[in-house]
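Structural features, examined
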Amino acid sequence: AARQHYRTSPYQIQPADVVRPWESYRRNRLALHWDPTPSADPDDQAAWTAELVGTRRAVAAGIAQPAYAPAITSSQERINPRLQARLDQIGSCIPPAARAALAPFRPARAAREAAVAQGLPDALSVRCEWCLAPVGEPCRRRRIGPNDGVRAITPRATSHPGRVDLAAQQAQHAEQAQQPALA
Ligand SMILES: [Zn+2]
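Figured I'd write up the structure that's included with this text.

The rules we used
Residues numbered from 1 in each chain as written. Predicted model: local features only at pLDDT ≥ 70, side-chain atom pairs only at ≥ 80, totals over all residues. Heavy atoms only, no water. Helix = DSSP H or I, 4+ residues; strand = E, 2+ residues; numbered from the N terminus. Buried < 20%, exposed > 50% of the residue type's maximum accessible area, 1.4 Å probe, protein only. Contact = heavy atoms within 4.5 Å. Areas by Shrake-Rupley, 256 points an atom, 1.4 Å probe, with all protein chains shown as cover. Donors = N, O, S within 2.8 Å, 3.2 Å for Na, K, Ca; no water. Tetrahedral: all angles 85-135°; square planar, octahedral: opposite > 155°, others 65-115°. Salt bridge = Lys/Arg side-chain N within 4 Å of Asp/Glu carboxyl O. Phe/Tyr/Trp six-rings, centres within 6.5 Å; stacked < 30°, edge-to-face > 60°. Expected span 1.5 Å × (residues − 1). Axes fitted to C-alpha atoms, helices over the stretch in contact; angles between N-to-C directions. Parallel < 35°, antiparallel > 145°, perpendicular 65-115°, else oblique. Left-handed = near helix turned anticlockwise from the far one by under 90°. Nonpolar A, V, L, I, M, F, W, Y, C, P; charged D, E, K, R; others polar.

Helix and strand counts for the chain come out as seven helices and two strands. Ordered by position from N to C terminus, the α and β elements of the chain give α-α-α-α-α-α-β-β-α. Within the chain, the proportion of its 183 residues that are buried is 19%. Of all intrachain contacts in the chain linking residues separated by at least 6 positions in sequence, the fraction that spans at least 24 positions is 43%. Of the accessible surface of the chain, which amounts to about 13,800 Å², a share of 56% is contributed by carbon and sulfur atoms.

What follows is the structure, encoded as structure tokens:
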């Protein structure tokens, strides 16, 4: 800031000549920064906040590089290893207790998770040939209006039987492919 001041101004340097560029530097850096998810336990409010604030301060002061939104640079941004360990442990960003509480409100997903837990084929891993629901989305039911137009599409809690069979076949194929000696 001092060098810049003497390059462009004939006047003696004042505190404001340093403070103003420094503040705009901090502001510009923070404008580029998206808070990455802290690795602290989300239930530990103090630690969570401290990590967020610490990261922001480091970015503002130029110690750390700004973190971009993961949606924009998903492949370049590595997940914090501590956070990854936590995710691996839980298996999802939704804690198990919250997942159980949510189950009644998302019957299709709950059914899928129950099937996977019991070792049954995951019907949502294949496309439904009946209702054309894509992979990962529950089967759906169409409500037809009075003049033949499709009024609404509502997700079904259970998959169409053909889809379950298809998933079972695929699981079998995958197993056979994994054990060619036994086959
Ligand atoms: Zn279907």
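Moving on, we come to the coordination of the zinc ion. Under ideal tetrahedral coordination, the four donors around a metal are separated by 109.5 degrees; under ideal octahedral coordination, the six donors are separated by 90 or 180 degrees. Coordination of the zinc ion by the protein is provided by Cys 128 (SG), Cys 131 (SG), Cys 139 (SG) and His 160 (ND1), with metal-donor distances spanning 1.9 to 2.3 Å. Coordination geometry of the zinc ion: the four donor atoms subtend angles of 105 to 118 degrees at the metal centre, consistent with an arrangement described as tetrahedral. Positions of the donor residues of the zinc ion along the chain correspond to the pattern C-x2-C-x7-C-x20-H. Of the two residues, Cys 128 is situated in the loop between helix H6 (107-117) and strand E1 (140-144) and Cys 139 in the loop between H6 and E1; the sequence distance between them amounts to eleven residues. For the pair formed by Cys 128 and Cys 139, the shared burial category is buried.

Bringing the pattern of salt bridges into the picture now. Counted by the stated rule, this structure contains two salt bridges. For Arg 56, the salt bridge identified is with Asp 35, shortest N-O distance 2.5 Å. A residue pair is termed long-range when its members are at least 10 positions apart, and Arg 56 in helix H3 (residues 45-61) and Asp 35 in the loop between helix H2 (15-32) and H3 qualify at 21 residues. Asp 35 gets classed as partly exposed once you look at its relative accessible area, which sits at 34%. The salt bridge involving Arg 127 is made with Glu 129; its shortest N-O contact spans 3.7 Å. The partly exposed category is assigned to Arg 127, whose relative accessible area is 40%.

On to unusual backbone geometry. Even without glycine at this site, Leu 132 takes up a positive phi of about 65 degrees. Mapped onto the elements, Leu 132 comes out in the loop between H6 and E1.

What follows is about the packing of aromatic side chains. The full count for this structure, using the stated rule, is one aromatic pair. A centroid spacing of 5.4 Å and a plane angle of 20 degrees characterise the contact between Trp 22 and Tyr 25, whose relative ring orientation is stacked. Of this pair, Trp 22 and Tyr 25 both sit in helix H2, separated by three residues, roughly a single helical turn.

Mapped onto the elements, Thr 154 comes out in strand E2 (residues 150-155). On a C-alpha basis, the gap between Thr 154 and Cys 139 in space is 8.7 Å, while along the polypeptide they are 15 residues apart. Setting aside residues no more than four positions away along its own chain, Thr 154 makes contact with Cys 139, Arg 140, Arg 141 and Arg 143.

To continue, consider the environment of Gly 62. Considering the arrangement of structural elements, one finds Gly 62 in the loop between H3 and helix H4 (81-90). When the C-alpha atoms of Gly 62 and Tyr 25 are compared, they prove to be 9.0 Å apart, with 37 residues separating the residues in sequence.

On to H3, then. Between its first and last C-alpha atoms H3 spans 24 Å; for 17 residues at 1.5 Å apiece the expected length is 24 Å, and the two agree. Residues Leu 52, Ala 58, Val 59 and Ala 60 constitute the buried set of H3. On its buried side, H3 packs onto H2. Looking at the residues trailing H3, positive phi occurs at Gly 62, about 85 degrees.

This part takes up the packing of H2 against H3. Running from amino to carboxyl end, H2 crosses H3 at an angle of 125 degrees, the nearest separation of the two axes being 8 Å. The orientation of H2 with respect to H3, classified from their angle, is oblique. Here H2 runs over H3; the crossing is right-handed. Packed against H2, whose contacting residues are Trp 22, Tyr 25, Arg 26, Arg 29 and Leu 30, the element H3 presents Arg 56, Val 59, Ala 60 and Ala 61 at the interface. Here the residues of the contact of H2 with H3 are counted per class, giving six nonpolar, no polar and three charged.

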